[in-house]
Amino acid sequence: MRKQIAAANWKMNLSISEAETLLDQLMATDHHIAANQEAIYAVPAIYIPLATQKLAGRQNIYVAAQNCHSKSSGAYTGEISATMYASLGVKHIVLGHSERREYFNESDAFLAEKTDAVLAAASTPIFCCGEPLAIREAGNQNSYVETQLKNSLFHLTAEQITKVVIAYEPIWAIGTGKTASSEQAQEIHAYIRSVFATKYGQAIADQISILYGGSVKAANAKEIFSQPDVDGGLVGGASLIATEFAAIINALK
Ligand code: PGA
């Protein structure tokens, strides 16, 4: 059975004392993480040691990075590699978030290299994809997302692809309060799974967790996660409120 995942994406938010308070509040909330479930906290890189220490010893809870470089080391001032994260025990890395694609011009080809770097560090890429509003309005979201996946992931072996987590995040739903309906989410998640099934076979595709992201909150998580091809969420704004994120974890299948 594939994993059900609630992943928090804090983005570039919180001071260190606010981060500490939020982690303490989160751990004090009433939430349950079952054996088939994971809670993942993608915190700003400099808060990783704090988060690792706060969450130590907890079952199925992981600290993640929000990005990494494609090389393992070298003259890349200001960058952090997947190998460096792995040396801290951080084994999940978000890649290709739409904000990185848009503001930092990250291309499908660069994301293919980053994916290789994360897998080479024996870590899990949480690979983001998703269409802008104009593409959705034109009804071309499936082919748009398919191209993103093909360009960045189709060079992977079947064994490698099972180690990748996909996060489908329609750009028009990120931070806007506009969520895809659960039907819209299911439709495109099923399509994404079919894209992997065509390339790698159904049994492999069935092992891939596909998370939904875009204005997920406590009030809509259960409905969205109940869809058969939605295996949890990547959560921005609501992950900064302990009770909200705890409820989102509790909404996992
Ligand atoms: P949001 O962000 O939940 O604030 O819409 C989701 C994301 O960008 O990962």
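Refer to the structure printed above.
The text that follows walks through the structure, step by step, so that each part is easy to find.

Thresholds applied
Residues numbered from 1 in each chain as written. Predicted model: local features only at pLDDT ≥ 70, side-chain atom pairs only at ≥ 80, totals over all residues. Heavy atoms only, no water. Axes fitted to C-alpha atoms, helices over the stretch in contact; angles between N-to-C directions. Helix = DSSP H or I, 4+ residues; strand = E, 2+ residues; numbered from the N terminus. Parallel < 35°, antiparallel > 145°, perpendicular 65-115°, else oblique. Left-handed = near helix turned anticlockwise from the far one by under 90°. Contact = heavy atoms within 4.5 Å. Salt bridge = Lys/Arg side-chain N within 4 Å of Asp/Glu carboxyl O. Nonpolar A, V, L, I, M, F, W, Y, C, P; charged D, E, K, R; others polar. Phe/Tyr/Trp six-rings, centres within 6.5 Å; stacked < 30°, edge-to-face > 60°. Buried < 20%, exposed > 50% of the residue type's maximum accessible area, 1.4 Å probe, protein only. Core = buried A, V, L, I, M, F, W, Y, C linked by side-chain atoms within 4.5 Å.

### Some points on the packing of helix H5 (residues 108-120) against helix H7 (residues 141-153)
Move 1: For the pair H5 and H7, the least separation of the axes is 7 Å and the interaxial angle reads 50°. One way to sum up the angle between H5 and H7 is to call them oblique. Considering the relative orientation of H5 and H7, their crossing is right-handed. Contacts from Asp108, Leu111, Ala112 and Thr115 in H5 reach Thr147, Gln148, Asn151, Ser152 and Leu153 in H7.

### Notes on the pattern of salt bridges
Move 1: One pass over the full model with this rule turns up 14 salt bridges.
Move 2: The shortest N-O distance in the salt bridge between aspartate 229 and arginine 193 comes to 2.5 Å. Linking aspartate 229 in the loop between helix H11 (218-225) and strand S8 (232-235) with arginine 193 in helix H9 (residues 182-200), this pair joins segments that are 36 residues apart in sequence.

### As for the packing of H11 against helix H12 (residues 242-250)
Move 1: The interhelical angle for the contact between H11 and H12, taken along N-to-C directions, is 15°, at an axis separation of 9 Å. Taken together, H11 and H12 sit at an angle that is classed as roughly parallel. For the pair H11 and H12, the sense of crossing is right-handed. Along its contact with H11, which presents Ala218, Ala221, Lys222 and Phe225, the element H12 presents Glu244, Ala247, Ile248 and Asn250.
Move 2: The class makeup of the residues in the contact of H11 with H12 is five nonpolar, one polar and two charged.

### Examining the packing of aromatic side chains
Move 1: As enumerated under the stated definition, the model contains five aromatic pairs in all.
Move 2: Each ring, one from tyrosine 168 and one from tyrosine 212, has its centre 6.4 Å from the other, and the planes form 50°; the classification is tilted. One end of the pair, tyrosine 168, is in strand S6 (residues 165-168); the other, tyrosine 212, is in strand S7 (residues 210-213), with 44 residues separating them in the sequence.
Move 3: When its relative accessible area of 0% is taken as the criterion, tyrosine 168 is described as buried.

### Points about the nonpolar core
Move 1: Tyr41, Ile166, Ile192 and Phe196 are the most contacted members of the largest nonpolar core, which totals 69 residues.
Move 2: Apart from the residues within four sequence positions on either side, phenylalanine 196 is in contact with Leu149, Leu153, Phe154, Ile161, Ile166, Gly201, Ala205 and Ile208.
Move 3: Counting twelve residues, the second-largest nonpolar core is a separate cluster that includes Ile5, Val94, Cys128 and Ala167.

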